[in-house]
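# Tertiary structure, described
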Amino acid sequence: MNLFICNTTFQMYFLLKIIEYKKIKNYDIIFIGNKNNEKNIHYFKKVSESANKSIILNCDIKTILFPFEINKIECLNYDSIYLSSIDSIYTQLILSKLKFNNLYTFDDGTANINPQSSYYIDNRNVRMRTVSFLLRNRYNIKKIKKLSNTHYSIYNKKNIIDSVVNIDLFNKINNNNNNNNNNGKVCNLILGSVYAAILSDPNMKNILFDKLKDRFKKLNGDTIYLPHPRDLEIIKQFKNEYIRTDLIFEDFYSQLSEKYEVINIFSFSSSSILNLDLKACYIITGNIFNQTYLNLVKSISTHSSNFIEIHI
């Protein structure tokens, strides 16, 4: 029996590709996340269709209470376990409860190929280490990477371990979308972010979007604002362009490509622009953002030479 442990909608999307690639028949699914999020529920239902058992464990509680969520897990023995968020204490606590023969890892996003990310550097402070010890957590990022037999990746780049199998699903998407759509329609798609995590001052959010709105007024075509799954607030400057969908970006892009000949992507260093290896991409940067974000922009700048700079 196989078990997939997922923490995000993209991970649920990717596990379906791994199941298809490896022709896995018998598997359970544990999703650690918010069950009130529409995207989460959409993809959880999708991955649950062929699963033997699937459960959602609530992560919106104090870490000290998470062991009570783990008690919902019925099967405690698996042949193989697949997981992505190697730095998550919730994932590590689940592993500590289970017995298994084989461990496999798969991509979460740019953290897998960014050597400055939490997948490479253990940033736990004394309090987090103490909580981890008290909860009898037997795993950390170093141990998980050492135990992982194989890592399944969407990137043809150095990853968290040396044994990597590439699943080229996004080129397949691009090829499928090459449908000779010559209608001349242009879409300018803004990929939203969690702005509290990337701005040097969260109060600068209005300044950022006032400046972006001025830029987009000069562009031809339709503009669409796609919010981040963890930041669904309507941006007042783009309230008429805001769209809510159950689909993650990769599926939504596939849908848009049936309507538009040209899709320009404007992103806050989203891993999605790497996922699809798109050429018409623009990374939004400038001194309005914090250093962590600017470091991420720098790490992926080799993948895109197009930048929109916002300064204050």
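Above this text sits the structure in question.
One structure accompanies this document, and this report is about it. None of these values were measured; they are calculated from a predicted model.

## Some words on the packing of aromatic side chains
Enumeration according to the criterion identifies 25 aromatic pairs in this entry. The interplanar angle of 20° and the centroid separation of 4.8 Å between the aromatic rings of Tyr-82 and Tyr-104 together place this pair among those described as stacked. A residue pair is termed long-range when its members are at least 10 positions apart, and Tyr-82 in strand S4 (residues 77-83) and Tyr-104 in strand S5 (residues 99-106) qualify at 22 residues. Of the two residues, Tyr-82 and Tyr-104, both sit in the buried class. Put simply, the rings of Tyr-195, Phe-209, Phe-216, Tyr-225, Phe-238, Tyr-242, Phe-266, Phe-268, Tyr-282, Phe-289 and Tyr-293 touch in pairs and so form one group of aromatic residues. Over the aromatic face of Tyr-139 sits the side chain of Lys-143, whose NZ or CZ is 4.6 Å from the ring centroid. Taking the ring centre of Phe-238 as reference, the NZ or CZ of Lys-213 above it sits at 4.8 Å.

## Focus on the sheet that holds strand S9 (residues 222-226)
The strand order across the open sheet formed by five strands is S9-S8-S10-S11-S12, and the pairing between neighbours is parallel. A strand with exactly one partner marks an edge of an open sheet, and here the two such strands are S9 and strand S12 (307-309). Adjacent strand axes in the sheet meet at a mean angle of 20°, parallel and antiparallel pairs treated alike. As judged from the five bridges shared by strand S8 (residues 186-191) and S9, these two strands associate in the parallel manner. Across the sheet, Ile-190 pairs through a bridge with Tyr-225, a residue of S9. Running over the sheet, helix H10 (residues 249-256) touches S8, S9 and strand S10 (262-267) and is turned about 170° from S8.

## A few points about the nonpolar core
Core analysis: the biggest nonpolar cluster contains 65 residues, and Phe-4, Leu-189, Leu-208 and Phe-268 have the highest contact counts within it. Examining the composition of this core, we find that seven residues originate from one element, helix H1 (residues 9-22), more than from any other. Apart from the residues lying within four places of it in its own chain, the contact partners of Phe-268 are Ile-190, Leu-191, Gly-192, Ser-193, Tyr-195, Ile-198, Leu-208, Phe-209, Leu-212, Ile-284, Phe-289 and Tyr-293. Grouped together as the second largest cluster of nonpolar side chains are 27 residues, Ile-73, Tyr-78, Ala-111 and Ile-144 included.

## As for helix H2 (residues 38-48)
All buried positions along H2 are accounted for by Lys-39, Asn-40, Tyr-43, Phe-44, Val-47 and Ser-48. The buried residues of H2 occupy an angular sector of 150° when projected down its axis, which confines them to one face. Sitting at the amino-terminal end of H2 is Asn-37, which places a side-chain oxygen 3.0 Å from the backbone nitrogen of Lys-39.

## Some details on the pairing of strand S2 (residues 27-32)
Of all six residues in S2, six are buried, a share of seventy percent or more. Of the two faces of S2, both are covered, the one formed by Tyr-27, Ile-29 and Phe-31 as well as the one formed by Asp-28, Ile-30 and Ile-32. Across five bridges, strand S1 (residues 2-6) lies against S2 in parallel orientation. Its bridge partner lying in S2, Ile-5 is registered against Ile-30. The parallel pair S1 and S2 is bridged by H1, and the resulting crossover is right-handed. Relative to strand S3 (residues 53-57), S2 runs parallel, the two being bridged by five bridges.

## Section: the sheet that holds S5
Whether parallel or antiparallel, the strands of a sheet pair through hydrogen bonds between backbone atoms. Taken in spatial order, the seven strands of this open sheet run S3-S2-S1-S4-S5-S6-S7, and their pairing is parallel. In the strand order of this sheet, the two ends are held by S3 and strand S7 (164-166), each with one partner. Averaged over all pairs of adjacent strands, the angle between their axes in this sheet comes to 20°, without regard to strand direction. Summarising the sheet, strand S6 (residues 148-153) and S7 pair through three bridges and their orientation is parallel. Within the sheet, the bridge partner assigned to Tyr-152 lies in S7 and is Val-165. Packed on one face of the sheet, H1 meets S1, S2, S4, S5, S6 and S7 and runs near 155° to S1.

## Considerations on the pattern of salt bridges
Once their charged atoms are close, side chains differing in charge can pair, the charge on each being opposite to the other. Tallied over the full model, the rule gives eight salt bridges. With a closest N to O distance of 3.7 Å, Glu-38 and Arg-244 form a salt bridge. One end of the pair, Glu-38, is in helix H2; the other, Arg-244, is in the loop between S9 and H10, and 206 residues separate them in sequence. Given a relative accessible area of 43%, Glu-38 falls into the partly exposed group. Where Asp-122 meets Arg-129, a salt bridge forms, and the shortest distance between an N and an O atom there is 3.9 Å. Given a relative accessible area of 32%, Asp-122 falls into the partly exposed group. What makes Arg-129 partly exposed here is its relative accessible area of 40%.

Cut-offs and rules
- Residues numbered from 1 in each chain as written.
- Predicted model: local features only at pLDDT ≥ 70, side-chain atom pairs only at ≥ 80, totals over all residues.
- Heavy atoms only, no water.
- Phe/Tyr/Trp six-rings, centres within 6.5 Å; stacked < 30°, edge-to-face > 60°.
- Helix = DSSP H or I, 4+ residues; strand = E, 2+ residues; numbered from the N terminus.
- Buried < 20%, exposed > 50% of the residue type's maximum accessible area, 1.4 Å probe, protein only.
- Lys NZ or Arg CZ within 6 Å of the ring centre and 35° of its normal.
- Pairing = 2+ DSSP bridges.
- Axes fitted to C-alpha atoms, helices over the stretch in contact; angles between N-to-C directions.
- Contact = heavy atoms within 4.5 Å.
- Core = buried A, V, L, I, M, F, W, Y, C linked by side-chain atoms within 4.5 Å.
- Arc of directions from axis to C-beta.
- Polar contact = N/O pair within 3.5 Å; in protein donor to acceptor, adjacent residues only side chain to side chain.
- Right-handed = clockwise from strand over helix to strand, strands pointing away.
- Salt bridge = Lys/Arg side-chain N within 4 Å of Asp/Glu carboxyl O.

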